[in-house]
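As a plain string of letters, each chain reads:
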2 protein chains.
Amino acid sequence: MALAEAILVCLTDRPMSGYDLAKTFDASIGFFWRASHQQVYRELARLRGKGLVESKEIEQSGRPNRIVHTITEAGEQIVHAWSQKPCRMPSVKDELLVKLYALDHVDIAVLREQLELRTDQHQAKLSAYLRIKEKFYDAKTLSRAKKGKLIALTMGISNEREIIKALEQAVKSLGEIDE
Amino acid sequence: MALAEAILVCLTDRPMSGYDLAKTFDASIGFFWRASHQQVYRELARLRGKGLVESKEIEQSGRPNRIVHTITEAGEQIVHAWSQKPCRMPSVKDELLVKLYALDHVDIAVLREQLELRTDQHQAKLSAYLRIKEKFYDAKTLSRAKKGKLIALTMGISNEREIIKALEQAVKSLGEIDE
DNA sequence: ATCTATTATGCAACCAATTGCATAGTGGTT
DNA sequence: AACCACTATGCAATTGGTTGCATAATAGAT
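Residues numbered from 1 in each chain as written. Chains lettered and ligands numbered in written order. Predicted model: local features only at pLDDT ≥ 70, side-chain atom pairs only at ≥ 80, totals over all residues. Heavy atoms only, no water.

A. Summary view of the domain arrangement of chain A. You can read the domains of chain A as domain 1 (2-84) and domain 2 (95-175). The distance between the C-alpha centroids of domain 1 of chain A and domain 2 of chain A comes to 28 Å. (Domains from an automatic or database assignment.)

B. Expanded view of the sheet that holds strand S2 (residues 53-58) of chain B. Residue and element names in this part refer to chain B. What the three strands build is an open sheet, ordered S1-S3-S2; its pairing is antiparallel. A single partner strand is all that each edge strand has here, and the edge strands are strand S1 (16-17) and S2. Sheet topology places S2 next to strand S3 (residues 66-71); six bridges connect them, and they run antiparallel. In the strand pairing of S3, Ile58 is matched with Arg66. Sheet contacts for helix H1 (residues 2-13): S1, S2 and S3; angle to S3, the most-contacted strand, approximately 95 degrees. (Pairing = 2+ DSSP bridges. Helix = DSSP H or I, 4+ residues; strand = E, 2+ residues; numbered from the N terminus. Contact = heavy atoms within 4.5 Å. Axes fitted to C-alpha atoms, helices over the stretch in contact; angles between N-to-C directions.)

C. Spotlight on helix H4 (residues 73-84) of chain B. If you check H4 of chain B, its first and last C-alpha atoms are 17 Å apart, about what twelve residues at 1.5 Å a residue would give, namely 16 Å. Among the structural elements, helix H5 (95-101) and helix H6 (108-136) of chain A together with H1 and S3 of chain B are those in contact with the buried residues of H4 of chain B. (Expected span 1.5 Å × (residues − 1).)

D. Spotlight on the pairing of strand S3 (residues 66-71) of chain A. Where strand S1 (residues 16-17) of chain A meets S3 of chain A, two bridges bridge the pair, whose relative direction is antiparallel. In the sheet register, Met16 of chain A faces S3 of chain A, and the bridge partner there is His69 of chain A.

E. Up close: the pattern of salt bridges. Residue and element names in this part refer to chain A. One pass over the structure, following the stated rule, counts ten salt bridges over all chains. Notably, a salt bridge pairs Asp20 with Arg66, separated by 2.7 Å at the nearest N-O pair. Taken together, the residues span a long stretch of sequence, with Asp20 in helix H2 (residues 18-24) and Arg66 in strand S3 at a distance of 46 residues. Classification of Asp20 by relative accessible area gives buried; the value is 14%. Using a relative accessible area of 28% as the deciding quantity, one classes Arg66 as partly exposed. (Salt bridge = Lys/Arg side-chain N within 4 Å of Asp/Glu carboxyl O. Buried < 20%, exposed > 50% of the residue type's maximum accessible area, 1.4 Å probe, protein only.)

F. Molecular detail of the relation of the copies chain B and chain A. Of the two same-sequence chains, chain B is brought onto chain A (RMSD 0.1 Å, axial shift 0.0 Å) by a rotation of 180 degrees. When the rotation and shift are considered jointly, the pair of chain copies conforms to a two-fold rotation axis. Within chain B, Glu162 of chain B has its C-alpha nearest the rotation axis, a separation of 3.5 Å. Residue by residue, 100% of the interface of chain B is reproduced at the interface of chain A, so both copies engage with the same surface. (Least-squares fit on C-alpha atoms with pLDDT ≥ 70 in both.)

G. Quick look at the sheet that holds S1 of chain A. Residue and element names in this part refer to chain A. Overall, antiparallel pairing links the three strands, which are arranged S1-S3-S2 in an open sheet. Looking at the sheet topology across the chains shown, the edges are occupied by S1 and strand S2 (53-58). Relative to the sheet, helix H1 (residues 2-13) contacts S1, S2 and S3, its axis offset from that of S3 by approximately 95 degrees. Seen against the sheet, helix H3 (residues 37-49) touches S2 and S3 and runs at an angle of roughly 115 degrees to S2.

Structural data, given as structure tokens:
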């Protein structure tokens, strides 16, 4: 149940609406833990039910009211307890590698295109990470909170770079196969 | 629904029982697509229902009979059609990175231990990959099927190496934070 | 005038994955 | 004699994730 904790972590920063959270899960923390807005809203309802967040409706004219969620004392305790528990290994699920595994039953030209598309996608991620790093984490004095985010981001950056290298190498190897 | 395809891909190699498949998903193809034995059995039942595999019971004395599954013509067509469809990006979900992201609410000593444990786990994976590479893929003349598996394995190897480097760097960065 | 995007929320149905349990015989260890 | 690991299968319950839909107002584009 780590989506719950990821949401609580976001709320330690500042109170947010479901919409704010959904956007955060489309960027920043979403680099490390993906979730859709439906997941976020459902989980928020559960957290409210357990008393880990408190929700206040804020009147807005013209559009639906914002429901702003604040983490409670109990919620912060859950975060701390979670931080001490061991982590699971992220589970691998990559169709592209399965296709390489199944090369005998795959059209090489098509697969090459898919590898190149994937390379572009990782290139885009890398650029996004680098932009954020330069924008938000280039100061000399960083708070502990920011240092943690910077370490995570740095891992993301080196990871993307290496995946790109590996994909390019894979395309090269594919090219050496005589059909 | 890519578990279905991953199973079919395994069965293109040779007919297998659910048990054989579950073990394959604990190793080889499991490096790229994880699945538990319950998932495999359930998916096999579905594939049988759709006529993509044919299942024959083989008598055994002493232990439960083996049910051996063979891919059908229709199953092979599904694999081919799947291989041409675009791949999804694997979805990221890593608690360890979330904890780095939430560094302000985490005990640094505990987190360092978790990073080191994770490093060991990737080290173990790397060793396993290298052992398999030397054992099965070091010949000079490889079939196309084997070349594909080798490319995937090589990507796995470089990926593990880089993750280990990044984790070690992260531990170092953590050490530089004055508590 | 109409269409689309954006802000803001949420239900319902479905599909996938995890966890725990159950069966059942064989062979080896303590 | 009791226990564990291995081969071989599968059900049931729960949790998690995805997809599609729905509402509702505003601002800007066509």
